[in-house]
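# Structure at a glance
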Amino acid sequence: MTGPSTRTSHAQVVHELGKAIVGGEFAVGSILPGDPELALRFKVSRTVLREAMKTLAAKGLIIPRARIGTRVTPKTHWNLFDSEVLAWHFDKGVEEEFLFHLSEIRLAFEPHAAALAARIATEQEISNMMRLAVAMGEVGHTAETLAHADLKFHLAVVEASGNPFMRTVAGLIEAALVGIFKLSSPLESKNGLDEISRNHIAIVDEIARRDEAGARVAMERVIRVGRDRVKATLARG
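Note that the structure is a prediction, hence the values are computed from the model and not measured.

We now examine the overall build of the protein. The number of helices and strands found in the protein is eleven helices and two strands. Starting at the N terminus and ending at the C terminus, the protein contains elements arranged as α-α-α-β-β-α-α-α-α-α-α-α-α. Considered along the principal axes of its C-alpha atoms, the protein spans approximately 60 × 40 × 30 Å. Looking at the 237 residues of the protein, the share that counts as buried comes to 43%. In the protein, the proportion of contacts linking residues at least 24 apart, taken out of those at least 6 apart, comes to 72%. Across the protein, the mean location of the 30 positive side-chain charges is 5 Å away from that of the 29 negative side-chain charges.

This is the structure:
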C-alpha cells in the first residue's frame, strides 16, 4: 500500500521497470536496454539502477548474462509470493484465471491460520480481532480505508495463528486484498459494509468458541465472497 510519493529513487525504478516487465512492455526472453538508456529513462545514477536490477533479479524477473545483457526470465521464475510482483499483475489487469489461482493459494493458507488461532489465540488477540472486524462496518469508509481495515484483520488472524511460516504470506495477503479492492469494493453494493463486517465477525466468533473447523469454514466463506464479487465485476466488463 506504499504510494509513489513515498518511494525512493531505487524503489521507483524497481516499481516502474517491474511493472513494465509484468505488463509486457519488455517481453519474456527479451534483453533489456543497456544501463545508459535505462539510467536516462528513469533519471537516476547507474549505481541506483544497478541496485534496482539486483532487486528485480531477486524477485525472479530478470537475469544478467555476461556479454549478452539482462534478460527477462520466463514467468515460471517470477516470485508470485512477492507483494510487488502481485501488485504489478493487478496494475496490468488480471484475468479470471489469475484471480482463481490467487484465491486458491489464499484458501490453502488463511483458513488454516484461522483454525490455529482458534486453538491458541489469547483473549487479548481475540478481542483485537473482534475490534477490527467491527470497525470494518463503521460508516464513513472509503474503498482505501476499508481495504486497510480488511488487511489489518487478516494479518491479525495470521499473527494469532502463532506459526512464523504463516507470517511469510503477509505480502501475498496484502497484494491480494489491495488488488481485489481496486477491482471491486464492497462499498459498491447497498449492504456491502454490513456484510463484510458480519462475515469477519463470524470468523472471530468461531475462534472465540475455539471451534477450529468453524473458524476454517468462516474464513473460507470470506475469501470466496471476495473472489465472487470480483468475478462478477470482471464478467460485467
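Having put the structure on the table, let's press on.
Glancing now at the pairing of strand S2 (residues 69-72). A regular strand places its side chains on the two faces of the sheet in alternate fashion. Strand direction decides the pairing type here: strand S1 (residues 62-65) and S2, joined by four bridges, are antiparallel. Each bridged residue has a counterpart across the sheet, and for Ile 62 the counterpart in S2 is Val 72. Linking S1 back to S2 in an antiparallel pair, the connection comprises three residues, with Arg 67 at a positive phi of about 65°.

Quick notes on the rules
- Residues numbered from 1 in each chain as written.
- Predicted model: local features only at pLDDT ≥ 70, side-chain atom pairs only at ≥ 80, totals over all residues.
- Heavy atoms only, no water.
- Helix = DSSP H or I, 4+ residues; strand = E, 2+ residues; numbered from the N terminus.
- Buried < 20%, exposed > 50% of the residue type's maximum accessible area, 1.4 Å probe, protein only.
- Contact = heavy atoms within 4.5 Å.
- Lys, Arg positive; Asp, Glu negative; His and termini not counted.
- Charge placed at Lys NZ, Arg CZ, Asp CG, Glu CD.
- Pairing = 2+ DSSP bridges.

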